[in-house]
Amino acid sequence: MTKYQARLTESGLAVEDSIVLCAEFRSTRDWEDVKSKALKENLLGKGSRSRISKLLRAVERRIFQAPSPLDHPLAVTRFLAAERKVPAVAKAQLLFVLAVNDDIALRDAFCRLIVAGANGSVSKSLAQDEIRRFLSDAAELRPEVEQWTEQTRARWSQGLRLVLREAGFVTPTDKSACLEIRPPVVRDEVVAFLAHAIADRGVSGWPILRHDTMKYLLFTETDALRAARALNDRGWWSYAQSDRIMEFRRNHASLEEWLDHGLGI
């Protein structure tokens, strides 16, 4: 069983920092050179080499070591570094999916605390106590979590709240210790990107939108239907339904071709 790691104590989604690093990579195509430059020239403008190193490790894991179907580092960096045609929220949503795939503790917490809440099976708000309870329950099955100090658990809880806010899944309520769960307004750009990445790995038709990777943004069948219609309207994918038969096919041959001729970046 993959172990939980307290990665949320080190960085959130780091959207702006990731964009800077991806833009640099787009110009050099050499990740080792980017890392060296980030440390020597302080590309990220941080006051601590330790902080820079943690951010570099997070970006490397999420983008350059991503598992299938997200193992498209050139396309991901291109998407994130685009100055126009890719809104900031779409970049944050893609980085969230990459982070969830990198961090099993984040994934499990998200599924239990957010997806269930958005579907109405648990409270529509998220209190700090619920995050602590999640960690306490995890510690009963995972000795690595049992060894986390109270300070580590508190920092991890803060990191989770930050990531959820950055990705648009929660908003502060009038109670400072509580967050309101809300389904995000998922951008067409990120859905199309993920759909092509999944299709490039051999998945076809409607299962693309119900792939596990896509469910971090499209929680329900209704969400998937809404996304399919939106992509059809944009001319990026074709969607049609006849009775219970749903057709979903791409209008560009690959992720790279969509970036070239669909999104135009």
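Remember, predicted model here, so these are calculated numbers, not experimental data.

## Some points on the nonpolar core
Line of reasoning, step 1. One finds F79, W156, F169 and F193 to be the most contacted residues of the largest nonpolar core, which totals 91 residues.
Line of reasoning, step 2. Not counting chain neighbours up to four residues away, the residues in contact with W156 comprise Q5, A6, L8, T9, A105, L106, A109, I131, F134, L135 and W148.

## A look at the pairing of strand 4 (residues 237-242)
Line of reasoning, step 1. Two elements, strand 4 and strand 5 (residues 245-250), share six bridges in a ladder whose sense is antiparallel. Within strand 5, the position partnered with W237 by the bridge is R250.
Line of reasoning, step 2. With antiparallel pairing between neighbouring strands as the criterion, strand 4 and strand 5 make up a hairpin whose turn holds two residues, including D243 at a positive phi of roughly 55 degrees.

## Let's talk about the pattern of salt bridges
Line of reasoning, step 1. Using the criterion set out here, one finds 20 salt bridges in the structure.
Line of reasoning, step 2. As a salt-bridge pair, E144 and R142 come within 3.3 Å of each other at their nearest N and O atoms.
Line of reasoning, step 3. Overall, R142 belongs to the buried group, its relative accessible area being 8%.
Line of reasoning, step 4. Linking R226 and D223 is a salt bridge whose minimum nitrogen-to-oxygen distance equals 3.1 Å. Linking R226 with D223, this pair stays in helix 11 (residues 221-234), spanning three residues, or about one helical turn.
Line of reasoning, step 5. By relative accessible area, D223 is classed as buried at 19%.
Line of reasoning, step 6. Linked through salt bridges whose partners overlap, the residues forming this network are R187, D188, E189 and R234.

## Quick word on the packing of helix 1 (residues 15-28) against helix 3 (residues 49-64)
Line of reasoning, step 1. The interhelical angle for the contact between helix 1 and helix 3, taken along N-to-C directions, is 70 degrees, at an axis separation of 11 Å. Our classification of the angle between helix 1 and helix 3 gives roughly perpendicular. Helix 1 and helix 3 meet at a crossing whose hand is right-handed. Across the interface between the two elements, D17, S18, L21, C22 and F25 from helix 1 touch L55, L56, V59, I63 and F64 from helix 3.
Line of reasoning, step 2. Its residues assigned to classes, the contact of helix 1 with helix 3 comprises eight nonpolar, one polar and one charged.

## Re unusual backbone geometry
Line of reasoning, step 1. Of note, the amide linkage connecting S68 to P69 takes the cis form, showing an omega dihedral of 10 degrees.
Line of reasoning, step 2. You can see P69 is positioned in the loop between helix 3 and helix 4 (73-81).
Line of reasoning, step 3. Residues other than glycine seldom take positive phi values, yet R29 does so here, at roughly 55 degrees.
Line of reasoning, step 4. Inspection of the secondary structure puts R29 in the loop between helix 1 and helix 2 (31-41).

Conventions adopted
Residues numbered from 1 in each chain as written. Predicted model: local features only at pLDDT ≥ 70, side-chain atom pairs only at ≥ 80, totals over all residues. Heavy atoms only, no water. Core = buried A, V, L, I, M, F, W, Y, C linked by side-chain atoms within 4.5 Å. Buried < 20%, exposed > 50% of the residue type's maximum accessible area, 1.4 Å probe, protein only. Contact = heavy atoms within 4.5 Å. Pairing = 2+ DSSP bridges. Helix = DSSP H or I, 4+ residues; strand = E, 2+ residues; numbered from the N terminus. Salt bridge = Lys/Arg side-chain N within 4 Å of Asp/Glu carboxyl O. Axes fitted to C-alpha atoms, helices over the stretch in contact; angles between N-to-C directions. Parallel < 35°, antiparallel > 145°, perpendicular 65-115°, else oblique. Left-handed = near helix turned anticlockwise from the far one by under 90°. Nonpolar A, V, L, I, M, F, W, Y, C, P; charged D, E, K, R; others polar.

Note that every value here comes from positions in space, so none of it alone points to a role or purpose.
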